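As a plain string of letters, each chain reads:
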Amino acid sequence: MSKRDELENFPLFQKAEQIFKITQGLIEIVPTDNEFLQETTVRFMMENAMIIPAKIAGAHGVELYDLKMENATIIRKAARDLYVHAGSLRFEEDIQDKDYIYLLRNEIDEFRLLFIDWVASFDVWNYIKDDWGLFNPPGVSAHDKDPDEDIPFNPDDFLHFDVDEEDENDDN
């Protein structure tokens, strides 16, 4: 199975795609003549609905704990903002069909439960120490000595390429 197929079959990604589609439906019922809602709520809702699956794909493509956590943080913020923006539409008199609002918020609640399990599955031992201190696994501090500092590194060990003997002879 390809990485793309694996991602598309991933329940959290599927739920994010559902959230995106419901958000598209919800913004269709926001009156187009309400410039304020169009420029604020609708715009921000679409941005957040697009960020969620994109960041899941980004986190799915990496193994490092700190990078997964960084993406997870952005996903969490986008989902929470989307939840709040959708909730604020409940009080708009111009919006007649409030079912989309409740449907979206319920999907985000279901997403949250999948999200919790997903984050718990991150491998805390596969990380690069975050010198900013935000995305280190439990028990690792930004003030800790980086365990990789003592490893001697010579870039020539990795950057030389085998040259065919014929190529060497051609140069002489």
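Structural data are supplied above this passage.
Residues numbered from 1 in each chain as written. Predicted model: local features only at pLDDT ≥ 70, side-chain atom pairs only at ≥ 80, totals over all residues. Heavy atoms only, no water.

**Student:** Quick one: what's the story with the packing of helix 2 (residues 11-28) against helix 5 (residues 99-120), residue by residue and with numbers?
**Tutor:** With their axes 9 Å apart at the nearest point, helix 2 and helix 5 run at an angle of 160 degrees to one another. The pairing of helix 2 with helix 5 is recorded here as roughly antiparallel in orientation. For helix 2 against helix 5, the interelement crossing comes out left-handed. Seen from helix 2, the contacting residues are Pro11, Leu12, Lys15, Ala16, Gln18, Ile19, Ile22, Thr23, Gly25 and Leu26; seen from helix 5, they are Tyr100, Ile101, Leu103, Leu104, Glu107, Ile108, Glu110, Phe111, Leu114, Phe115 and Trp118. (Axes fitted to C-alpha atoms, helices over the stretch in contact; angles between N-to-C directions. Helix = DSSP H or I, 4+ residues; strand = E, 2+ residues; numbered from the N terminus. Parallel < 35°, antiparallel > 145°, perpendicular 65-115°, else oblique. Left-handed = near helix turned anticlockwise from the far one by under 90°. Contact = heavy atoms within 4.5 Å.)

**Student:** Could you give me a rundown of the nonpolar core, with the residues and numbers involved?
**Tutor:** Core analysis: the largest hydrophobic core is formed by 36 residues, its most contacted members being Ile52, Ile56, Leu82, Leu89, Leu104, Phe111 and Trp118. If near-sequence neighbours (up to four positions away) are discounted, Phe111 is found in contact with Leu12, Lys15, Ala16, Ile19, Ile52, Ile56, Ile75 and Ala79. (Core = buried A, V, L, I, M, F, W, Y, C linked by side-chain atoms within 4.5 Å. Buried < 20%, exposed > 50% of the residue type's maximum accessible area, 1.4 Å probe, protein only.)

**Student:** Run through the pattern of salt bridges, naming residues and quoting values.
**Tutor:** Under the defined criterion, the tally for this structure stands at six salt bridges. In this structure, Arg4 engages Glu8 in a salt bridge whose closest nitrogen and oxygen atoms are separated by 2.8 Å. Of this pair, Arg4 and Glu8 both sit in helix 1 (residues 3-8), separated by four residues, roughly a single helical turn. Exposure remark for Glu8: the relative accessible area of 36% places this residue in the partly exposed category. A salt bridge links Lys15 to Glu110; the shortest N-O distance between them is 2.5 Å. Of the two residues, Lys15 is situated in helix 2 and Glu110 in helix 5; the sequence distance between them amounts to 95 residues. Three or more residues are tied together by salt bridges with common partners; here these are Lys15, Glu107 and Glu110. (Salt bridge = Lys/Arg side-chain N within 4 Å of Asp/Glu carboxyl O.)

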